[in-house]
Amino acid sequence: MLDYFRKKARSPVLQATILVIIVVFIFWGVGRNSSNSRTTIATVNGTNIEYQDYRKEYDKTMSQLRDQFGGAIPKGLLATMDIKHQVLSRVIQRTLLRQGALDAGLYVSDQELEKAIEKMPAFQRNGTFNMKWYKSILANSRLTVSKFEDGTRYDLLAAKVRGHLARFSQVSPGELQALFTYNYTPVKFTYIAFNSRNYTSKVKAGDNKLAAFFAKNKANYQTAAKRKIKYLYFAFKDQKAATPSSTAIKNYYADNIKKYTTPERREASHILIRSKSSDTAAQVATELKKIKAILAKARAGANFAALARKYSEDSLASRGGELGFFSRGQLVKPFEDAAFSLPVGGISGVVKTRFGFHIIKMDKIEAAQTKSLAEVRPAIIAELKGTKAKSLAFKAANDAYEQIIMAGSLNKYAAANTKAKSKIITTAFFAQQTPPKQIKAMPMLTNTAFKLKKDELSSIIETGQGYAIAYILDIRPPVQQKLREVKAKVRQHFIAQESVKIARQAAGNFLTALKKGGTSFRKLAAKTGLKVQT
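Now for a description of the structure that goes with this document. (Residues numbered from 1 in each chain as written. Predicted model: local features only at pLDDT ≥ 70, side-chain atom pairs only at ≥ 80, totals over all residues. Heavy atoms only, no water.)

With that settled, the discussion passes to the packing of aromatic side chains. Geometry of an aromatic ring pair is reported as the spacing of the ring centres plus the angle between the planes. For the structure on display, the rule yields 17 aromatic pairs. Considering the side-chain rings of F326 and F340, the 6.0 Å spacing of their centres and the 75° angle between planes classify their relative orientation as edge-to-face. Of this pair, F326 sits in strand 8 (residues 322-326) while F340 sits in the loop between helix 14 (333-339) and strand 9 (351-353), and the two are 14 residues apart along the sequence. Under the relative-accessibility criterion, F326 is labelled buried at 4%. Arranged with centres 5.4 Å apart and planes meeting at 70°, the rings of F394 and Y467 form a pair that is edge-to-face. Taken together, the residues span a long stretch of sequence, with F394 in helix 15 (residues 373-407) and Y467 in strand 15 (residues 466-476) at a distance of 73 residues. There is no split in this pair, since F394 and Y467 are both buried. One aromatic cluster is present, built from ring pairs that chain together F123, F129, Y134 and F148. One residue, R265, lies across the ring of F325, its end atom 4.1 Å from the ring centre. Across from the ring centre of F429, 3.8 Å away, lies the NZ or CZ of R476, which sits over that ring. (Phe/Tyr/Trp six-rings, centres within 6.5 Å; stacked < 30°, edge-to-face > 60°. Helix = DSSP H or I, 4+ residues; strand = E, 2+ residues; numbered from the N terminus. Buried < 20%, exposed > 50% of the residue type's maximum accessible area, 1.4 Å probe, protein only. Lys NZ or Arg CZ within 6 Å of the ring centre and 35° of its normal.)

Okay, here's the thing in structure tokens:
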């Protein structure tokens, strides 16, 4: 439907229809919510759902429907499906899911968050996470590191609760125990790595082999498709947002007091003697006797870290049992209850959890702290001004979009609006992976441009720094390259592929020799010049 509007925008009848739709859409819900924000479309237990988040989901749904029906959505389907409310319901459910994860005590550790961000292609350079690039993209998107990481943490929480729900549906006790053992039992093993890089010198890359490889993989050696666009841009930083009143600042502080409160944190060490529910009474008695003997030594003044390194059956034993800092809701309840009842330097009695028997030593306590309004006032002002600027930018983009539709084209809109004409930017041809400098930090604009056809107008695109409206001036399709043009790249790819095959064969030969017997894993590795790792 959006494609139809963009292509047929010159029709006077359609322009009148669009005007009616615009009025209905405005009164439907944008601007009428508890927070009085033009960009907030719904509030779920105090959490605002922004219009642009809804719009992204809506556009994604429309795109999927168009693909499903071969580019044209059947007449009347959208009304039958009530697509608008379906999308809103989906966004609300996603918000509830994130809130539920927190209420259930599920959390995402700092290590999980770091690994997830490091894997994001947008923050990688040559396949490796680049901290400088990461901070640069966030800065250009008017996002602080903490705000982006908070959002990512919420997304990981939602994924985690979905995963847990799926894993525990119709699972027998035996299966559950097996899964628990698989996930939480530490293992130590030796291995040999047959790295393909060590076999590249064995690959013979003659011209005939390269020609055959190229012929089989021609599709991988084409120039990238390119687009030339012009776009109208409304940056958040260009909006003149007034400084919020003292009342607004105080209200925001009161409404978001949790944001400025650091809960009590404790740092502890522990010693674990593992005990399973399947253990016999005799085994449990032995485990209990062992932990009580260790407890007696700890209370007699023995070094706790040394005891942990010697006796603990936990993966943290090598660190003296150090758990690091934790807050309430992050550990299993019996352990947490015992830990939060200890003074600094205190040693618990024997604590039983599903992991086994523990002894806990409290190393440090950091009391809960709430920053004062004076401390956070500058940050609140910046936050409120940023929200207002975002709202103003959206209004400007929305007004421009309506005027473009009514004018019939971006060119006619520019001709009738001299101020807007100076804001329209035209790019040279560019590939999706190498956008020009002015839009390099706006991947949403680039991605949208490569989904549209020639002479097609986009909807309003949120870029992270502002809102854009793009028009596709021209398209250059991919061009098949000749072998002589890409021979060096073909040689590199061929050698990489063949060296993997040789490495796999070497591993197979090693395994066959090992199975025949007569030698040990380490001796055979030494004989073949391979390094055993642990």
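From this point, things continue past the structure.
Relative to the helices and strands, S348 resides in the loop between helix 14 and strand 9. As a C-alpha pair, S348 and K361 span 13 residues in sequence and 6.5 Å in three-dimensional space. In this structure, S348 is in contact with L295, R299, L342, I359 and I360, ignoring residues within four places of it in sequence. (Contact = heavy atoms within 4.5 Å.)

What follows covers the packing of helix 10 (residues 207-216) against helix 19 (residues 483-516). Two elements in contact, helix 10 and helix 19, have axes separated by 9 Å at closest approach and are oriented at 95°. What the angle tells us is that helix 10 and helix 19 run roughly perpendicular. Between helix 10 and helix 19, the residues in contact are D207, K209, L210, A211, F213 and F214 and L483, V486, K487, V490, R491, H493, F494 and Q497, respectively. A per-class count over the contact of helix 10 with helix 19 returns eight nonpolar, two polar and four charged. (Axes fitted to C-alpha atoms, helices over the stretch in contact; angles between N-to-C directions. Parallel < 35°, antiparallel > 145°, perpendicular 65-115°, else oblique. Nonpolar A, V, L, I, M, F, W, Y, C, P; charged D, E, K, R; others polar.)

Attention now moves to the sheet that holds strand 8. The strands making up a sheet associate through hydrogen bonds between their backbones, and the pairing can be parallel or antiparallel. Spatial ordering of the open sheet is given by 8-7-10-9, a layout of four strands whose pairing is antiparallel. At either end of the open sheet lies a strand with only one pairing partner, and these are strand 8 and strand 9. Recorded for the sheet is a direction-independent mean angle of 40° between the axes of neighbouring strands. Two elements, strand 7 (residues 265-274) and strand 10 (residues 356-366), share 10 bridges in a ladder whose sense is antiparallel. Note on strand 10: the bridge partner recorded for R265 is E366. Helix 12 (residues 281-299) contacts strand 7 and strand 10 of the sheet and is inclined by roughly 30° relative to strand 10. Across the sheet, helix 13 (residues 304-311) is in contact with strand 7 and strand 10; its angle to strand 7 comes to roughly 35°. (Pairing = 2+ DSSP bridges.)

Next up on the list: the packing of helix 12 against helix 13. Working note: a packed helix pair is described by the angle between its axes plus the distance between those axes. In contact at an axis separation of 10 Å, helix 12 and helix 13 are set at 160° when each is read in the N-to-C sense. The orientation of helix 12 with respect to helix 13, classified from their angle, is roughly antiparallel. In this structure, helix 12 meets helix 13 at a crossing whose hand is right-handed. Counted together, I294, K297 and A298 of helix 12 and F304, L307 and Y311 of helix 13 form the full contact between these two elements. Residues of the contact of helix 12 with helix 13, tallied by class, amount to five nonpolar, no polar and one charged. (Left-handed = near helix turned anticlockwise from the far one by under 90°.)

Our focus in this paragraph is the pattern of salt bridges. Per the counting criterion, the structure on display carries 14 salt bridges. Taking the shortest distance from any N to any O, the salt bridge between E57 and R90 comes out at 3.1 Å. On the criterion of sequence distance, the pair formed by E57 in helix 3 (residues 51-68) and R90 in helix 5 (residues 83-103) is long-range, its members being 33 residues apart. Residue classification places E57 among the buried residues on the basis of a relative accessible area of 10%. For R90, a relative accessible area of 30% translates into the label partly exposed. (Salt bridge = Lys/Arg side-chain N within 4 Å of Asp/Glu carboxyl O.)

This is a description of form; function is not addressed.
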